[in-house]
Amino acid sequence: MGLTFNPMNTKTAEISFDVEKIRKDFPILQREINGNPLVYFDNAATSQTPQQVIDVIVNYYSNYNANIHRGVHYLSQVATDKYEQARETIRAHFNAAHVHEIILTSGTTHSINLVASGFSTMLEKGDEIIVSALEHHSNIVPWQMLCEKTGAELKVIPMTSLGELSFEEYAKLLSDRTKLVVVNHVSNALGTINPIEKIIKKAHEVGAAVLIDGAQAAPHIKADVQALDVDFYTMSAHKVCGPTGVGMLYGKEEWLTKLPPYQGGGEMIDQVSFEKTTYAGLPHKFEAGTPNICGGIAFGAALDYMNGIGFDQIAAYEEKLLHYATDKLLEIDGVKIIGTSKQKTAVISFNIHGVHPYDMGTIMDKLGIAVRTGHHCAQPIMDYYHVPGTIRASFSFYNTKEEIDLFIKAVNKAKMMLS
Ligand SMILES: *Cc1c(COP(=O)(O)O)cnc(C)c1O
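Here the residue numbering is sequential within each chain, running from 1 through the sequence in written order. With the structure being a predicted model, the display of local features is reserved for residues of pLDDT at least 70 and the display and counting of side-chain atom pairs for 80 or more, all residues being used for whole-chain, interface and lining totals. No hydrogens and no water enter the side-chain calculation; it runs on all heavy atoms of the structure.

Going by an unreviewed UniProt entry, the protein chain carries the name Cysteine desulfurase and comes from Gangjinia marincola. UniProt positions are given in the numbering used here, feature names are shortened, and annotations may be inferred rather than shown by experiment. Per its UniProt entry, the protein chain bears the Catalytic activity (unreviewed entry) comment "(sulfur carrier)-H + L-cysteine = (sulfur carrier)-SH + L-alanine". UniProt's Sequence similarities (unreviewed entry) comment on the protein chain is quoted here verbatim: "Belongs to the class-V pyridoxal-phosphate-dependent aminotransferase family. Csd subfamily."

Here's what the structure looks like:
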């Protein structure tokens, strides 16, 4: 199962990528499912966790579990230092100007709801929020709730049959009524990479703030929030080899200062009395209660792990997997790939003529292959294509060409059984 890159075949000069060595870091990849080796192609839903990150989690509970920012005792200080170091790792990864612009949340969904809730005091009837047709439900529903509360109106950037957003139509939707533009960096259902730099720039011309949902981009693309000039950027640790239940909201200082706190409680206050409570400064203003301390520390370790491999290397390798799998899949009669944008991460959504995605997924599971079937929390995209759902294979840097061969064999077998 060896697959090492010949440096002559890649754009990046000195690429060294030893996938077999990398796979040894992931204990789960050694296991079997239903008597078959696990082929894990559901990376767009969650990534697997390397031993380096598991060790950090075990070490936390074995050696310095304590509440942070409160105790003067030794363990509390160690835990606080590690937690704040992780915040700095996250800041550096996304190149935020200030460490207090990194709010640690429970994940993308929490991050988006935090911003949507904050804007409820700033929007009124007649204001508009622009979303895109390519969004995950977690970047649609909070904005619909915000519109219901404030009387603002939701406008939708339409998509094309390739699974791309129409920039022309987007430009037409913008006006001085636009207060917010919310778009994902990468679509989880189709893998489309959206031209967010252009989208952000255009929104700023009318004075609108921009939130980018980076949950699906984060495993593949290192975003630079200052270069993008984005107002808010969100992601979840569990998609970048970290644990579930922790994630990030980046916000420009000026916006985070303007937004009211999301939840009240411990940690987010300065002074509390029954007459008046004053709030803590950034980032604590948005971090009420005891956070996911171990998760935050492991989140930092996960980014360190991925940066140790290198995002350029990861992207170049995953692109090869994507092309290989796409070519092989298209050799199968009746396969239709849904979402064929030129700019794509390693995600393939597809259907097979006459086969229900769910039936296909069930047979694949029997063969040890983990793919996602259904609407992928993006029902408007499925409606656009008039399909109930798709089969989605999403690849990570620890997947191999040999696994794709097993997957293709399984698709053929399932197809024979089902049609
Ligand atoms: C995974 C994902 C989300 C939701 O992330 P949670 O970790 O479930 O909060 C939102 N948007 C996109 C594009 C995603 O891929």
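Moving on, we come to the pattern of salt bridges. By salt bridge we mean one thing: a side-chain nitrogen of Lys or Arg within 4 Å of a carboxyl oxygen of Asp or Glu. Under the definition given, this model contains 13 salt bridges. Glu 153 is the partner of Lys 155 in a salt bridge, and the nearest nitrogen-oxygen pair spans 3.4 Å. Using a 1.4 Å probe on the protein chains alone, a residue whose accessible area is under 20% of its type maximum counts as buried, one over 50% counts as exposed, and one in between counts as partly exposed. Judged by relative accessible area, Glu 153 falls into the partly exposed class, the value being 42%. Lys 202 is paired through a salt bridge with Glu 205; the nearest N and O atoms lie 3.5 Å apart. Taken as a pair, Lys 202 and Glu 205 lie in helix H7 (residues 196-205) at a separation of three residues, close to a single helical turn. The exposure class assigned to Lys 202 is partly exposed, which follows from its relative accessible area of 28%. Think of it this way: any DSSP run of H or I at least four residues long counts as a helix, any run of E at least two long counts as a strand, and we number them from the N terminus.

In this section: the site of the ligand. The environment of the ligand is formed by Thr 108, Thr 109, His 136, Ser 138, Val 186, Asn 188, Asp 213, Ala 215, Gln 216, Ser 236, His 238 and Lys 239. Polar contacts, as used here, are pairs of N or O atoms within 3.5 Å; protein pairs need one atom able to donate a hydrogen and one able to accept it. Residues neighboring in sequence count only if both atoms are side-chain atoms. At 2.7 Å, a side-chain N or O of Ser 236 approaches an oxygen atom of the ligand. Between the ligand and the protein, one listed contact pairs an oxygen atom with a side-chain N or O atom of His 238 at 2.8 Å. Contact with the protein chains covers 86% of the free accessible surface of the ligand, which is 380 Å². One heavy atom suffices: a residue is near a molecule or strand as soon as one of its heavy atoms comes within 4 Å of it. The method behind every accessible area is Shrake-Rupley, applied with a 1.4 Å probe, and residues are considered shielded solely by the protein chains displayed.

Along its sequence, the protein chain is carved into domain 1 (7-50 + 310-418) and domain 2 (54-307). Residue ranges assigned to the domains are those given by an automatic or database domain assignment. For domain 1 and domain 2, the distance between their C-alpha centres works out to 28 Å. Note on definitions: a residue-residue contact is assigned when non-hydrogen atoms from the two residues lie within 4.5 Å. Opposite the 39 residues of domain 1 that make contact, domain 2 presents 36 residues. At the boundary of domain 1 with domain 2, total buried surface from both sides reaches about 3,100 Å², with 57% on carbon and sulfur atoms. The largest per-residue losses of area from domain 1 upon contact with domain 2 belong to Phe 311, Thr 345 and Ile 381, which jointly make up 22% of the total buried on that side. For the pair domain 1 and domain 2, the interface holds zero salt bridges. Here domain 1 is connected to domain 2 by 26 residue pairs in polar contact (both at pLDDT 80 or more). Of all elements in the fold, only helix H11 (311-330), strand S14 (347-352) and helix H13 (379-385) reach the threshold of two or more residues within the side of domain 1 that touches domain 2. Broken down by element, the residue count for the side of domain 1 that touches domain 2 peaks at six residues, all from H13. Two parts placed together each lose some accessible area under a 1.4 Å probe, and adding up what both lose gives the buried area.

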